[in-house]
Amino acid sequence: MHTNRSGVASTPDSGSDPDPGATPDRDRGELEVAAGVGVVLLVGLIAVAAIVGGPAIAAVPSLPGGDGGGADRPASTATAEFDAAAGTTVTVTEVVDGDTMHVRLPDGTRDTIRLLGVDTPETGTGSVSPDEWESIPDDADGRAWLSGWADRASAYAKDRLDGEEVYIETDPNADARGSYGRLLVYVSQNDTTEVSFNRRLIDRGYARLYDTPFTERSAYRSAEAAARDDGLGVWGYETGGGTTTTDDGIAVASVTADAPGNDHENRNGEFIVLENRGDEPVALDGWTLADAAGNTYTVPEGVVLEPGDRVTVYSGAGTDSGTELYWDADSAVWNNDGDTVILRDPSGTVRIEYAY
């Protein structure tokens, strides 16, 4: 983009009455002086415009409220020159989902970034696109599976990026901005980090390859294939990872296994979120939640999930409420490198069993 700038110089009014006491030579001299002043003013205005105007501000569309953060907001206030610059440190002000974040740039302006080359599932069963995920069926269970992994990808990103300073850089072989005006970037902890956050999402099965032109596309394709072969993350559906939703609509909406810091010291930093995706209330009294090692938590009396409601089961200690339950385990429960979530009803029947 460029900004057109123009300057207009005022000239003496040819219809004004001359000074009655002026001679023709004096009149001509005054006109020459006035013209000279006009030129000086014109040059001055151009100089000020060049200094104050600076680089042109990119005109970009507004993001819909559904992109995170509530009301519509500009996707970018960054300059076009910034788009072409590779590498700068920004602060993540909000994690929208697993692959989209709002950031504050070094000059204080705000922008939205989209992780280049990767795509995490959309949040919500009504928003996911099973047709974009090979071998994930387009049915209620497939959609619930993708929605659950969307929540987990978002939680993974929030745990590691929210409020943090990160290093971002564009790719010379990719567009600097996407169709929504968001910066398309690699995100890393700093400028010497060897593996970007984008690549970690692929490696751990939180994301698929977004197959557009970019330098690392071949490497990302191989990484996705490896994650699928190993049944990691979202690809666990292919290898018998199991269902995340019961017949009456109770679902494991998300698993946060890797707590910030030391997991054993921050046991409430790991948690399981259960959600009622059905049409009727479900009483969870006496249901049990267990891991592959047999550590078991029993849901206390009085816990009923209405349609659309969620309850979070933290591994640490706390006071139970309608939306939060506390396992009060002696140590961390969920393995960071993979585990199995097992949900049983009061009769002991396994209702959910899947590996993450």
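On a predicted model such as this, the values are computed, not experimentally measured, just so you know. (Residues numbered from 1 in each chain as written. Predicted model: local features only at pLDDT ≥ 70, side-chain atom pairs only at ≥ 80, totals over all residues. Heavy atoms only, no water.)

K.L.:
Mind showing me how you'd approach the overall build of the protein chain here?
P.N.:
Secondary structure assignment for the protein chain yields five helices and 19 strands. Classification of the 356 residues of the protein chain by burial places 42% in the buried group. When contacts within the protein chain are restricted to residue pairs at least 6 apart in sequence, long-range pairs at least 24 apart make up 59% of them. (Helix = DSSP H or I, 4+ residues; strand = E, 2+ residues; numbered from the N terminus. Buried < 20%, exposed > 50% of the residue type's maximum accessible area, 1.4 Å probe, protein only. Contact = heavy atoms within 4.5 Å.)

K.L.:
In this structure, what is going on with the sheet that holds strand β19 (residues 350-355)? I would like to understand it.
P.N.:
Within a sheet, adjacent strands bond to each other through the backbone by hydrogen bonds, running parallel or antiparallel. Overall, antiparallel pairing links the four strands, which are arranged β14-β13-β18-β19 in an open sheet. The open sheet has two edge strands, β14 (296-298) and β19, and neither has a second partner. Neighbour to neighbour, the strand axes of the sheet diverge by 15 degrees on average, direction disregarded. Here three bridges tie strand β13 (residues 288-290) to strand β18 (residues 340-344), and the two strands are oriented antiparallel to one another. (Pairing = 2+ DSSP bridges. Axes fitted to C-alpha atoms, helices over the stretch in contact; angles between N-to-C directions.)

K.L.:
Looking at this structure, how should I read the pattern of salt bridges?
P.N.:
This structure, assessed with the given rule, holds 16 salt bridges. For the salt bridge of Glu 132 with Arg 208, the shortest nitrogen-to-oxygen distance reads 3.4 Å. Remark: Arg 208 occurs in strand β9 (residues 208-209) and Glu 132 occurs in the loop between β6 (118-119) and α3 (140-161); sequence separation between them is 76 residues. Salt-bridge contacts for Asp 345 lead to Arg 351; the nearest nitrogen and oxygen are separated by 3.4 Å. On the basis of relative accessibility, which here comes to 12%, the residue Asp 345 falls in the buried class. (Salt bridge = Lys/Arg side-chain N within 4 Å of Asp/Glu carboxyl O.)

K.L.:
Got a minute to help me understand the layout of surface pockets in this structure?
P.N.:
By rolling a water-sized probe across the atoms, one finds the places where empty space is left. What the second largest pocket holds in volume is close to 410 Å³. Lining the second largest pocket are 25 residues, with Arg 204, Tyr 206, Asn 336, Gly 338 and Tyr 356 positioned closest to its centre. The set of elements that each furnish at least two residues to the lining of the second largest pocket consists of α3 and β10 (250-256). Per element, the largest residue contribution to the lining of the second largest pocket is six residues, and it comes from α3. (1 Å grid on protein atoms, 1.4 Å probe; cavity = no way out; pocket = protein on both sides within 12 Å on 5 of 7 lines; lining within 4 Å. Points joined across faces, edges and corners; volume = space filled by probe spheres on them.)

K.L.:
Which parts of the structure should I look at to understand the sheet that holds strand β17 (residues 324-326)?
P.N.:
Taken in spatial order, the four strands line up as β10-β11-β16-β17 in an open sheet, and their pairing is mixed. Taken across any chain shown, the strands that pair with only one partner, and hence form the sheet edges, are β10 and β17. The sheet shows a mean angle of 20 degrees between the axes of neighbouring strands, direction not considered. Relative to strand β16 (residues 310-314), strand β11 (residues 271-276) runs antiparallel, the two being bridged by five bridges.

K.L.:
Explain the environment of Val 187 to me, please; I cannot follow it from the model alone.
P.N.:
Within the secondary structure, Val 187 sits in strand β8 (residues 183-188). With 71 residues separating them along the chain, Val 187 and Leu 116 place their C-alpha atoms 8.6 Å apart. The contacts of Val 187, once residues within four sequence positions are left out, are Ile 113, Leu 115, Leu 161, Val 166, Tyr 167, Ile 168, Ser 196, Phe 197 and Asn 198.

K.L.:
Got a minute to help me understand the pairing of strand β4 (residues 100-104) in this structure?
P.N.:
Two faces belong to every sheet, and in a regular strand the side chains alternate between them. The element β4 is largely enclosed, with a buried count of four among its five residues. With five bridges connecting them, strand β3 (residues 88-97) and β4 associate as antiparallel partners. In the sheet register, Val 92 faces β4, and the bridge partner there is Val 103. Counted between consecutive antiparallel strands, the loop separating β3 from β4 contains two residues. In this sheet, strand β5 (residues 110-115) lies alongside β4 in antiparallel orientation, the contact comprising five bridges. If you follow Thr 100 over to β5, its bridge partner there is Arg 114. Hairpin connection, β4 to β5: the antiparallel pair is bridged by five residues, and Gly 108 has positive phi, about 95 degrees.

K.L.:
Which parts of the structure should I look at to understand the nonpolar core?
P.N.:
Side chains that are nonpolar tend, in soluble globular proteins, to be buried together. Counting residues in hydrophobic clusters, the biggest one holds 66 residues, and the most contacted among them are Val 187, Leu 284, Trp 334 and Val 341. Counting residues per element, this core draws most heavily on α3, at seven residues. In this structure, Ala 253, Val 273, Tyr 314 and Tyr 326 belong to the second largest nonpolar core, which totals five residues. (Core = buried A, V, L, I, M, F, W, Y, C linked by side-chain atoms within 4.5 Å.)

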